[in-house]
Amino acid sequence: VQLQASGGGLVQPGGSLRLSCAASGSIFIINAMNWYRQAPGKQRELVAAITRGGNTNYADSVKGRFTISRDNAKNRVYLQMNSLKPEDTAVYYCNADIKPAGLGYSDYWGQGTQVTVSS
């Protein structure tokens, strides 16, 4: 099982980006899917989370600006980021609680995608 994140890049303050993360492999079911970020010199923090049923949760710093969504049929999770600020600059990681076929649930991480907000 692998998670592959994409969609990062350089954007000006006030701009938008959409991150995507695809889970692949012998997957039976995916429970929670999350986005974390880690800025230089800081601890990794949870940005947004979504349950299989679509319930969402956000860090206070991104509420009203970021939207997490998922496509259960495609094993994908997305993060729409609007009104980006320089303090959103970080490496963004997708994370998911996955039950591979024939195995129990485990925590999986994507490789990270860089988001830089700068003029």
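Relevant structure appears above.
Predicted model, so just to flag it, every value in this text is computed and none were measured.

Colleague: For this particular structure, what's the right way to read the sheet that holds strand β8 (residues 76-81)?
Modeller: Strands pair in a sheet through their backbones, by hydrogen bonds, and they do so in one of two ways: parallel or antiparallel. Spatial strand order, β1-β3-β8-β7: four strands in an open sheet with antiparallel pairing. The sheet is open, and its two borders are formed by β1 (2-6) and β7 (66-71), each paired with just one other strand. On average, each strand axis in the sheet is inclined to that of its neighbour by 15°, with strand direction left out of account. Where strand β3 (residues 17-24) meets β8, six bridges bridge the pair, whose relative direction is antiparallel. Each residue of the ladder has a partner; that of Ala22, found in β8, is Arg76.

Colleague: I'm lost on the state of the cysteines in this one. Help?
Modeller: Linking two cysteines covalently via their sulfur atoms produces the bond known as a disulfide. Tallied over the entire structure, the rule returns one disulfide. Each disulfide pairs two cysteine sulfurs, and for Cys21 the partner residue is Cys94, the sulfurs being separated by 2.1 Å. Measuring the twist about the S-S bond at about 55°, one finds the Cys21-Cys94 disulfide to be right-handed. Of this pair, Cys21 sits in strand β3 while Cys94 sits in strand β9 (residues 90-100), placing them 73 residues apart in sequence. Judged by relative accessible area, Cys21 falls into the buried class, the value being 0%.

Colleague: Even after reading the chapter, I still don't get the environment of Gln2, so can you show me in this structure?
Modeller: Tracing the backbone through its elements, the reader meets Gln2 in strand β1. For Gln2 and Phe66, which are 64 residues apart along the polypeptide, the C-alpha to C-alpha distance reads 24 Å. When near neighbours in sequence (up to four residues on either side) are disregarded, Gln2 contacts Ala22, Ala23 and Ser24.

Calculation notes
- Residues numbered from 1 in each chain as written.
- Predicted model: local features only at pLDDT ≥ 70, side-chain atom pairs only at ≥ 80, totals over all residues.
- Heavy atoms only, no water.
- Pairing = 2+ DSSP bridges.
- Helix = DSSP H or I, 4+ residues; strand = E, 2+ residues; numbered from the N terminus.
- Axes fitted to C-alpha atoms, helices over the stretch in contact; angles between N-to-C directions.
- Disulfide = S-S within 2.5 Å.
- Buried < 20%, exposed > 50% of the residue type's maximum accessible area, 1.4 Å probe, protein only.
- Contact = heavy atoms within 4.5 Å.

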